[in-house]
Amino acid sequence: MPLAVPLLRVVGELLPEVLHDTTQFANNRIEWDHGRLKARLRPMRGLRTDQTASTVIRGHAFIQNLRRGHYELGVEARHERLRIAAAFDELTATI
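Scoring rules and cut-offs
- Residues numbered from 1 in each chain as written.
- Predicted model: local features only at pLDDT ≥ 70, side-chain atom pairs only at ≥ 80, totals over all residues.
- Heavy atoms only, no water.
- Helix = DSSP H or I, 4+ residues; strand = E, 2+ residues; numbered from the N terminus.
- Buried < 20%, exposed > 50% of the residue type's maximum accessible area, 1.4 Å probe, protein only.
- Contact = heavy atoms within 4.5 Å.
- Areas by Shrake-Rupley, 256 points an atom, 1.4 Å probe, with all protein chains shown as cover.
- pLDDT = per-residue confidence, 0-100.
- Salt bridge = Lys/Arg side-chain N within 4 Å of Asp/Glu carboxyl O.
- Patch = residues over 30% accessible without salt bridge, like charges linked within 9 Å, V, L, I, M, F, W, Y side chains within 5 Å.
- Axes fitted to C-alpha atoms, helices over the stretch in contact; angles between N-to-C directions.
- Left-handed = near helix turned anticlockwise from the far one by under 90°.
- Nonpolar A, V, L, I, M, F, W, Y, C, P; charged D, E, K, R; others polar.
- Parallel < 35°, antiparallel > 145°, perpendicular 65-115°, else oblique.

Trainee: Describe the overall build of the protein, and please don't skip the residues or the numbers.
Mentor: Counting its regular elements, the protein contains five helices and zero strands. Its helices and strands in sequence order give the protein the pattern α-α-α-α-α, from N to C terminus. Of all 95 residues assigned to the protein, the portion counted as buried reaches 12%. In the protein, once contacts between residues fewer than 6 apart in sequence are set aside, the share between residues at least 24 apart is 20%. Taken as a whole, the protein presents about 8500 Å² of accessible surface, with 58% of it coming from carbon and sulfur.

Given below as structure tokens:
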């Protein structure tokens with residue numbers, strides 16, 4: 001039985017139509033999502049300043065959003081794998 005039974009009951013009453021996944025390892029999708037960022041930071045042995053952290057995290061989020069198709073950049077690429085390269089070509093032409 002979960003530890004937060006009263007909380008689950010209240011959330012169930014407030015949002016009955018929402019699926020509440022309380023199983024073990026339910027957050028793996030979230031962990032996997034930022035796993036690439038963690039893999040990038042490991043060889044760098046972390047970030048030394050807040051400015052560096054902000055820059056790396058924003059860049060990582062931008063690339064992830066490009067991959068997921070949240071921007072209309074690179075949509076005319078010949079192949080899905082070339083979409084990021086096409087997006088950067090478009091950005092270069094714009095800048």
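Trainee: Residues and numbers for the confidence of the model for the protein, please.
Mentor: When pLDDT drops low, the exact placement of atoms in the prediction is not to be read closely. In this model, the protein carries a mean pLDDT of 79, and residues with pLDDT of at least 70 account for 84%. Summarising per-element confidence for the protein, the mean pLDDT is lowest in helix H2 (residues 28–33) (67) and highest in helix H5 (residues 83–94) (87).

Trainee: Now, about the pattern of salt bridges: what can you tell me, with residues and values included?
Mentor: Counted according to the given criterion, the structure contains one salt bridge. With its nearest N and O atoms 2.6 Å apart, the salt bridge here joins Glu80 to Arg83. The class of Glu80 is exposed, set by a relative accessible area of 54%. Taking relative accessible area as the criterion, Arg83 reaches 14% and is therefore assigned buried.

Trainee: Break down a nonpolar patch on the surface for me, citing the residues and quoting the values.
Mentor: Taken together, the side chains of Val10, Leu14, Leu15 and Val18 define a hydrophobic patch exposed on the protein surface, amounting to about 350 Å² of accessible area. Assignment of secondary structure puts Val10 in helix H1 (residues 5–14). For Val10, a relative accessible area of 42% puts it in the partly exposed group.

Trainee: So what about the packing of helix H4 (residues 50–68) against H5? Which residues, and what values?
Mentor: Two elements in contact, H4 and H5, have axes whose closest approach is 9 Å; the angle formed by their N-to-C orientations is 115°. When you trace H4 past H5, the crossing you get is right-handed. Counting all contacts with H4, which are made through Phe62, Ile63, Leu66, Arg67 and Arg68, the residues of H5 involved are Arg83, Ile84, Ala87, Phe88 and Leu91. Taken together, the residues of the contact of H4 with H5 sort by class into seven nonpolar, no polar and three charged.

Trainee: Give a description of the packing of helix H3 (residues 35–44) against H4 that names residues and reports values.
Mentor: Each pair of packed helices gets described by two things: the angle between the helix axes and the distance between those axes. Where H3 contacts H4, the axes come no closer than 11 Å and their chain directions differ by 140°. The angle between H3 and H4 places the two elements in the oblique class. Between H3 and H4 the crossing geometry is right-handed. Contacts between H3 and H4 pair Arg36, Leu37 and Leu41 from the former with Val56, Ile57, His60, Gln64 and Arg67 from the latter. For the contact of H3 with H4, the class distribution of residues is four nonpolar, two polar and two charged.

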